[in-house]
Amino acid sequence: MADIYLYNSLSRQKELFAPLKAPDVGMYACGPTVYDYQHIGNMRRYVGDDTLKRVLALNGFKVKHVMNVTDVGHLTSDADTGEDKLEKSAAEKGKSAAEIARFFEEQFFSSTDALNVIRPDILCRATEHVSEQIELIKKIEENGFTYLTDDGVYFDTTKLKDYGRLAGGKEGIKPGVRVDIAGKKNPTDFALWKFSPKDSKRQMEWDSPWGTGFPGWHIECSAMSMKYLGETFDIHTGGVDHVAVHHTNEIAQSEAATGKAPVKYWVHYEFLQVDGAKMAKSLGNTYTVTDVEKKGFDPLALRYLFLSAHYRDSLNFTWESLQAAQNALEKLRSAVAALKDEKTRTALSSEKDAKTQTFREEFVKSVNDDINTASALAVVWQMLKSNIPSEDKYDLAIAFDEVLGLGLAKATVGKVEIPGKVQELLDKRNQLREQGKFEEADGVRKEIEEAGFVLEDSSQGTKIKPR
Ligand code: AMP
Ligand code: ZN
């Protein structure tokens, strides 16, 4: 097993990865909030988890990947207005909060599936673990870290030695909520349990020893990670925005309850930007995987784009950079497909030459160096351009794709990858033409062209190719 080095946000340095009980690795990922569509910024973070998981598997580790779904609306989910987005979305759409949550959870998975992200081993929804959250709050209360206000049960951050060490001490910490709460003792204190507002029409509320209400946001991750991975586990992941508040508070809660540090390695992904600003729902500058597909791009071109940058560097998204990633991916696929063709025609050599082994080692060294996928992609291209035997090139490309997840094994010579949406349009156009509805069929042709494909009709049928 080769050494893996991972940057740990807690120590602020790359560390040799040594899990608590090798070869098992427990990994907890902060999952989606499901009141709206997940955008491609969010996707960068999930492709990051997926790549990390694949690198660990490549090195022989057995990963247990747990991910939560935040399906409880939180009154503080909008720091400026204190508005509860899930309950608001449900009221606006005339649906139950649970229906809204499930709808967006499905949208989330259809996006991650399109990006070849392997699903977590355990998916845990906050609403299905309220009793675990109440039990954990009781422990924190018994240990003397809480106080009551008219608003709920609060965590007293001054009671914990070292509060905020993940965020780099007191200066790094941001108060989680800007909404003023009467009775809150310190700006960084946060709610473990919130009471339902008087006369509220909240759909999501539960009884508790303190009164009817709902759990605070941070407690779900402490309670569920502890349930599925134990009081101390190996890796916890999330976006960089979680360092200063959410993960700082998760550490505080878990330590207050158990007296132990909950996590050995903290991994944080940098943001995807758009036009130099963070891509965020609140800024209205987001695109979804569906938007990407509608423009005629293969979702895996987005995965290629993510892999081309280091996960700790911010990445600026533009349609031009996505087009460049798609071109590179198509080139890679054709190269692999051509090798496959050759491989079936030539005798297999079982002897791997020394250079082949060097490429394998270089690839592993790159991904094991804090998941340096940009350098790993460079190794892939060097390998393809080298003079090692074609069958070795093919075998290496397929082995590397276990980490890259670009679907290279499926690549075939000369075959154009047609996105699902474009295929649907193509079928619709064929149907309309069969029914003699040529004007409508022409309208659909335009939509196909807008999606980046051209059609050529002939007596043999219709050919489609990228524009
Ligand atoms: P949310 O559903 O808003 O809680 O976000 C889900 C995950 O996506 C969190 O781990 C965030 O840190 C992460 N995230 C949000 N916006 C971005 C972005 N622009 N780039 C990368 N990750 C993001
Ligand atoms: Zn979390």
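Note that this is a predicted model, so its numbers are computed, not measured.

Thresholds, definitions, all that
Residues numbered from 1 in each chain as written. Chains lettered and ligands numbered in written order. Predicted model: local features only at pLDDT ≥ 70, side-chain atom pairs only at ≥ 80, totals over all residues. Heavy atoms only, no water. Disulfide = S-S within 2.5 Å. Near = heavy atom within 4 Å. Polar contact = N/O pair within 3.5 Å; in protein donor to acceptor, adjacent residues only side chain to side chain. Areas by Shrake-Rupley, 256 points an atom, 1.4 Å probe, with all protein chains shown as cover. Helix = DSSP H or I, 4+ residues; strand = E, 2+ residues; numbered from the N terminus. Phe/Tyr/Trp six-rings, centres within 6.5 Å; stacked < 30°, edge-to-face > 60°. Buried < 20%, exposed > 50% of the residue type's maximum accessible area, 1.4 Å probe, protein only. Lys NZ or Arg CZ within 6 Å of the ring centre and 35° of its normal.

J.: Which residues make up the state of the cysteines, and what values do they have?
T.: This structure, assessed with the given rule, holds zero disulfides. Looking at the unpaired C124, the closest cysteine sulfur is the one in C221, lying at 7.9 Å.

J.: Explain the site of ligand 1 to me, using residue names and the numbers behind them.
T.: Of all residues adjacent to ligand 1, which total 16 residues, the nearest are T33, Q38, D241, L272 and M279. Take G41: an N or O atom from its main chain is 3.1 Å from a nitrogen atom of ligand 1. Contact with the protein chains hides 91% of the accessible area of ligand 1, taken as 490 Å² for the molecule alone. When residues of the shell around ligand 1 are assigned to their parent elements, the largest contribution, four residues, is made by helix α1 (residues 40-58).

J.: Account for the packing of aromatic side chains, with residues named and values stated.
T.: All chains considered together, the criterion is met by 18 aromatic pairs. Ring geometry for F17 versus F61: centroids 5.5 Å apart, planes at 85°, classification edge-to-face. Taken together, the positions of F17 in the loop between β2 (13-16) and β3 (24-29) and F61 in the loop between α1 and β4 (62-69) put the pair 44 residues apart, joining distant regions of the chain. Relative accessible area serves as the criterion here: at 6%, F17 is assigned to the buried category. When the centroid spacing of 5.2 Å and the interplanar angle of 80° are considered together, the rings of F317 and W319 count as edge-to-face. Of the two residues examined, F317 and W319, each falls in the buried class. Three or more aromatic residues joined by ring pairs make a cluster, and in this case those are Y287, F297, F317 and W319. For K185, the ring lying beneath its charged end belongs to Y147, and the centroid distance is 4.4 Å. Sitting over the ring of W381, K331 keeps its end group 5.5 Å from the ring centre.

Purely geometric stuff here, so don't read any function into it on its own.
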